Number of protein chains: 4
Amino acid sequence: MRNCHSPSSERRQQFMDAAIELASQRGYEGATIKLIAEKCNVTVGTIYHYFKNKEDLFRQAVQERAFTSILATLLNDIDELPIEKGLFLVAQGFLKVIREAGMLVSIFISESVHNHEIGTIYADMISQNRQMMQAYLDKKIHTGQLGAIDTAVAVQIFFGHFFMAYFHKELLKMDNLPDIDETFVLNSVNLFLRSWQQEGTHV
Amino acid sequence: MRNCHSPSSERRQQFMDAAIELASQRGYEGATIKLIAEKCNVTVGTIYHYFKNKEDLFRQAVQERAFTSILATLLNDIDELPIEKGLFLVAQGFLKVIREAGMLVSIFISESVHNHEIGTIYADMISQNRQMMQAYLDKKIHTGQLGAIDTAVAVQIFFGHFFMAYFHKELLKMDNLPDIDETFVLNSVNLFLRSWQQEGTHV
Amino acid sequence: MRNCHSPSSERRQQFMDAAIELASQRGYEGATIKLIAEKCNVTVGTIYHYFKNKEDLFRQAVQERAFTSILATLLNDIDELPIEKGLFLVAQGFLKVIREAGMLVSIFISESVHNHEIGTIYADMISQNRQMMQAYLDKKIHTGQLGAIDTAVAVQIFFGHFFMAYFHKELLKMDNLPDIDETFVLNSVNLFLRSWQQEGTHV
Amino acid sequence: MRNCHSPSSERRQQFMDAAIELASQRGYEGATIKLIAEKCNVTVGTIYHYFKNKEDLFRQAVQERAFTSILATLLNDIDELPIEKGLFLVAQGFLKVIREAGMLVSIFISESVHNHEIGTIYADMISQNRQMMQAYLDKKIHTGQLGAIDTAVAVQIFFGHFFMAYFHKELLKMDNLPDIDETFVLNSVNLFLRSWQQEGTHV
DNA sequence: AATGAATGAGATTTCATTCAT
DNA sequence: CATGAATGAAATCTCATTCAT
């Protein structure tokens, strides 16, 4: 039988889920141990059986939930598709992931600036995604489907755009911004492709 | 002689500066009144002589520092320049502003998600900048310097790109990202223009 | 084992007792949480483990101690006695109760004016006592032991007299007032009865 | 020209009025120097030119406003009237005085218990009124208009009744109590007189 | 006389963490 | 494993009072 410190103990997961959810709603400071405990119908002491302290709880929670692998799978799947279809699916997939991990995104955004540990986890995650995407674009350049663009910048623009759109529209609920629907993604991808596909350019 | 509640009282400014600086380093919760007071060599009580409470201090500090007008001036100046030069200067100006307001940016990013008041100030600021930039691009389309693009999306991409670049590279200090120097800006602008200048496209 | 929120937890009672005692000596504001905690040999935090806040502590303390039932028992016991004996016992009982609850009386008197919540508890208590006593007097009128007096006013005079006597002599320690002893009560009751027993009067 | 410490300086009066009014609404602790100053359109420092400290301000304010002399005048006026008319006028006058000094009454009631200084002022005032009234009743016994009652107790009952009636009905706003109007006063006086006028009784 | 900035002490409240049971 | 009472440190805020101007 697993002891309580096993990473897959149901209780541990429950605590981490509650921690993430509360922190996404009220910030790290606002997600108190008492609230987390109440949400899980246990008392404060119990949390300390599973995690050394609050920071430990959050580090593990964020760590386990960082979304990397999804992009890997996705890029593999679309390798053979035409680029416009591929980029569309990557964008859709990326949006799906950050929407599902919306609570995590809130935490990354608001804590990364001050909390070095979380900042590092976030940076690593971003970096891995960027590298995979860059490799994908490089291959497309190689096969002539894209012009000779600076893929480092291109990847930044690509993810940055969808991330900011999500942040402003869906996290901060700014109205008077276009909905992030299929049309929006399509238009965005087309805008990128028009620039990336021109032959003979060197950025 | 000005009284302490005049917005331009030197002491008030000093307190607001300290508040912003501390919050950018340690977050809203971490920027305690005691720390702010110590930074200004006064006692906590003094802060409350100038501001009703902590929220009031931060609201006023953020409000007064929100950077809007700079873009207005900038767009006016570049109205007659060729578009590639104009966009380059806008991007440079935008980066200059958020670099100077770096501390504010940290606060906006990390607090907007949980603090509705700051979120609103941030959203208003973003919205104003977006509208001005959109008007500029619309005019350029009218004069034939740009193709018939969706300027709402274009503006989002433009600012979003530079913002994310700044956020990742200079706020979160992610290495293995290109420096945000003149070359980076130039390359980025070119990438955008290639797509925006194509005739006959409709996004 | 009882948890700390059970109304009969010993600790809870101890805190409420200390709160009442301190408030009766120094007023609501003067009865600080720190003092209450010290009196009970715990730290301030502990108080907040048992009560939401200071107001909560006092509301519950006052609520639980409001003296109603005693009069009910008393009036039942004296139902068959001659009226002069009955009134004497009621007066004695009333004085006994407010003497025992002396600290509560201080609080009711001094806080009811400004603290609406305590004012309401006090008013309810007064009202219940008044109604029971009025019913008793009404019955005595019915059986012909009292004249046709206005029992509402009579009850007010009866309790008001003993209350003021207690307030001035024993709470405020005004000297040059007669002691509130058996003779005083007897004289007072006689004075009332002389007026109440006259036949054929209608107030 | 009077200096600011002259008792009749208009400013001093204004401060004391404001202090009494605020304290009657919010209690002694709630009547802060800042509020008093604001009510008088001056700044905190100014109050300290006129009074040594907060306690000094209140002691003087309460002292000057204690209502003694009115009863003296009144009792003089009614000396020749029949006793039932006289008592009626005394009761009316007493109610008028405490109604006009309603704010003072609040303060006396709520502060006397804890604040020894105010308690003493209150006790003195009560004592003086009681003595004058007792002298009046003694005279009436002497002239045969009243029976041989214990005037000390009678005075206590008389003032106590009207005071409690005022306290409960008009200060604490207890509803389901009779209005303290002319009828109420008349009924009350009659109730007292019926008892006081019987010959041959000895209380 | 008047101002109002500044202070220092203290009040309420919150919270991560510990520990005996 | 779980409880929940208890702690201690710290945060926000209030307020009477002082004092240079």
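Residues numbered from 1 in each chain as written. Chains lettered and ligands numbered in written order. Predicted model: local features only at pLDDT ≥ 70, side-chain atom pairs only at ≥ 80, totals over all residues. Heavy atoms only, no water.

Draft legend 1. Inspection of the overall build of chain A at higher detail. Secondary structure assignment for chain A yields ten helices and zero strands. Counting helices and strands in the order they occur from the N terminus, chain A gives α-α-α-α-α-α-α-α-α-α. Overall, the C-alpha framework of chain A stretches about 65 × 45 × 25 Å when taken along its three principal axes. The contacts in chain A between residues at least 6 apart in sequence include a share of 67% that link residues at least 24 apart. Surface accessibility of chain A: about 9,300 Å² in total, with carbon and sulfur atoms responsible for 51%. (Helix = DSSP H or I, 4+ residues; strand = E, 2+ residues; numbered from the N terminus. Contact = heavy atoms within 4.5 Å. Areas by Shrake-Rupley, 256 points an atom, 1.4 Å probe, with all protein chains shown as cover.)

Draft legend 2. Inspection of the UniProt feature "DNA-binding region" (unreviewed entry) in chain A at higher detail. As recorded in UniProt, the feature "DNA-binding region" (unreviewed entry) lies at residues 32-51 of chain A. Along residues 32-51 of chain A one finds 70% helix and 0% strand; the C-alpha atoms at either end are 14 Å apart. (UniProt positions renumbered as here; feature names shortened; annotations may be inferred.)

Draft legend 3. Quick peek at the arrangement of the chains. One finds no contact linking chain B with chain C; the least C-alpha distance across the pair is 21 Å. Note that chain A does not reach chain D: the shortest distance linking a C-alpha of one to a C-alpha of the other is 32 Å.

Draft legend 4. Seen up close, the domain arrangement of chain A. All names here are of chain A. Here the domain parsing of chain A yields domain 1 (7-53) and domain 2 (66-196). Distance between the C-alpha centres of domain 1 and domain 2: 30 Å. In this assembly, five residues from domain 1 lie in contact with five residues from domain 2. Summing the contributions of domain 1 and of domain 2, the shared interface buries around 490 Å²; its carbon and sulfur component is 77%. Linking domain 1 with domain 2 are zero salt bridges, by the criterion used here. (Domains from an automatic or database assignment. Buried area = accessible area lost by both parts, 1.4 Å probe. Salt bridge = Lys/Arg side-chain N within 4 Å of Asp/Glu carboxyl O.)

Draft legend 5. Inspection of the relation of the copies chain A and chain B at higher detail. Least-squares fitting of chain A to chain B yields an RMSD of 0.1 Å, with the superposition described by an axial translation of 0.1 Å and a rotation of 179 degrees. Overall, the copies show the geometry of a two-fold rotation axis. Scanning chain A for the C-alpha nearest the rotation axis identifies Ser110 of chain A, at a separation of 1.8 Å. Counting the interface residues of chain A, we find that 98% of their copies in chain B are interface residues as well, pointing to one common contact surface. (Least-squares fit on C-alpha atoms with pLDDT ≥ 70 in both.)

Draft legend 6. Spotlight on helix H6 (residues 83-100) of chain B. Here H6 of chain B contains 18 residues, and its C-alpha end-to-end distance of 25 Å stays within 8% of the 26 Å for a straight helix at 1.5 Å per residue. Turning to H6 of chain B, its buried residues are Ile83, Gly86, Leu87, Phe88, Val90, Ala91, Gly93, Phe94, Leu95, Val97 and Ile98 of chain B. (Expected span 1.5 Å × (residues − 1). Buried < 20%, exposed > 50% of the residue type's maximum accessible area, 1.4 Å probe, protein only.)

Draft legend 7. The interface of chain D and chain C, seen in detail. Residue-level contacts link 46 residues of chain D with 45 residues of chain C. For the pair chain D and chain C, the summed buried surface comes to about 4,000 Å²; carbon and sulfur atoms form 68% of the total. Of all residues in chain D, His114, Leu191 and Arg194 of chain D give up the largest surface area on contact with chain C, accounting jointly for 16% of the area buried on that side. Counting every contact that joins chain D to chain C gives zero salt bridges. Run the count over chain D and chain C and you get ten residue pairs in polar contact (both at pLDDT 80 or more). The element contributing the most residues to the side of chain D that touches chain C is helix H9 (residues 151-171) of chain D, with eleven residues. For the side of chain D that touches chain C, the per-class residue count stands at 23 nonpolar, 18 polar and five charged. (Polar contact = N/O pair within 3.5 Å; in protein donor to acceptor, adjacent residues only side chain to side chain. Nonpolar A, V, L, I, M, F, W, Y, C, P; charged D, E, K, R; others polar.)

Draft legend 8. Broad picture of the pattern of salt bridges. All names here are of chain B. Evaluation of the coordinates by the stated rule reveals 40 salt bridges over all chains. Put simply, Arg59 and Asp56 hold a salt bridge, and the shortest N to O gap is 2.7 Å. With Arg59 and Asp56 both in helix H4 (residues 54-65) and three residues apart, the pair spans about one turn of that helix. Given a relative accessible area of 26%, Arg59 falls into the partly exposed group. For Asp56, a relative accessible area of 9% translates into the label buried.

Draft legend 9. Inspection of the packing of aromatic side chains at higher detail. Residues and elements named next belong to chain D. Evaluated as defined, the whole model comprises 40 aromatic pairs over all chains. Seen in terms of ring centroids, Tyr28 and Phe58 are 4.9 Å apart; in terms of plane orientation they differ by 65 degrees. Their pairing is edge-to-face. On the criterion of sequence distance, the pair formed by Tyr28 in helix H1 (residues 10-30) and Phe58 in helix H4 (residues 54-65) is long-range, its members being 30 residues apart. The two residues Tyr28 and Phe58 agree in class, both being buried. Measuring from ring centre to ring centre gives 5.2 Å for Phe158 and Phe162, while their planes differ by 75 degrees; the resulting arrangement is edge-to-face. Placement of the pair is Phe158 and Phe162 together in helix H9, with a separation of four residues, close to one helical turn. Phe158 gets classed as buried once you look at its relative accessible area, which sits at 0%. For Phe162, a relative accessible area of 1% gives the class buried. (Phe/Tyr/Trp six-rings, centres within 6.5 Å; stacked < 30°, edge-to-face > 60°.)

Draft legend 10. Representation of the environment of Arg65 of chain C. All names here are of chain C. With respect to the helices and strands, the residue Arg65 is situated in helix H4 (residues 54-65). Along the primary structure Arg65 and Phe184 are separated by 119 residues, whereas in three dimensions their C-alpha atoms are 27 Å apart. For Arg65, the residues in contact, after removing those within four places along its chain, are Gln13, Met16, Asp17, Ile20 and Leu104. A polar contact of 2.5 Å, which involves the side chain of Arg65, links it to the side chain of Asp17. Separated by 3.2 Å, the side chain of Arg65 and the backbone oxygen of Ala61 make a polar contact.

Draft legend 11. Representation of the confidence of the model for chain A within the structure. A residue-level look at chain A finds 92% of positions with pLDDT of 70 or above and a mean pLDDT of 87. Within chain A, no element has a lower average pLDDT than helix H5 (residues 69-77) of chain A, which sits at 80, and none a higher one than helix H2 (residues 33-39) of chain A, at 97. (pLDDT = per-residue confidence, 0-100.)

Draft legend 12. Expanded view of the interface of chain A and chain B. With 46 residues of chain A in contact, the opposing surface of chain B contributes 45 residues. For the pair chain A and chain B, the summed buried area comes to about 4,100 Å², and 67% of that belongs to carbon and sulfur atoms. On the chain A side of the contact with chain B, His114, Leu191 and Arg194 of chain A bury the most area, a combined 16% of that side's loss. The tally of links from chain A across to chain B stands at zero salt bridges. Where chain A meets chain B, there are nine residue pairs in polar contact (both at pLDDT 80 or more). Secondary-structure elements contributing two or more residues to the side of chain A that touches chain B are helix H1 (10-30), helix H7 (102-112), helix H8 (116-142), helix H9 (151-171) and helix H10 (182-196) of chain A. Looking at the side of chain A that touches chain B, its residues break down into 23 nonpolar, 18 polar and five charged.

Draft legend 13. Main features of the relation of the copies chain D and chain C. By a simple turn and slide, chain D fits onto chain C: the slide is 0.1 Å along the axis, the RMSD is 0.1 Å, and the turn is 179 degrees. Here 98% of the contact residues of chain D are again contact residues in chain C; the copies associate through an equivalent surface.

Draft legend 14. Broad picture of the nonpolar core. By size, the foremost hydrophobic cluster in this structure holds 150 residues, and its most contacted members are Phe158 of chain A together with Tyr122 and Phe158 of chain B. Non-local contacts of Tyr122 of chain B, meaning those with residues more than four positions away in its chain, are made with Met164, Phe167, His168, Leu172 and Met174 of chain A together with Phe108, Ile109, Ser112 and Phe163 of chain B. (Core = buried A, V, L, I, M, F, W, Y, C linked by side-chain atoms within 4.5 Å.)

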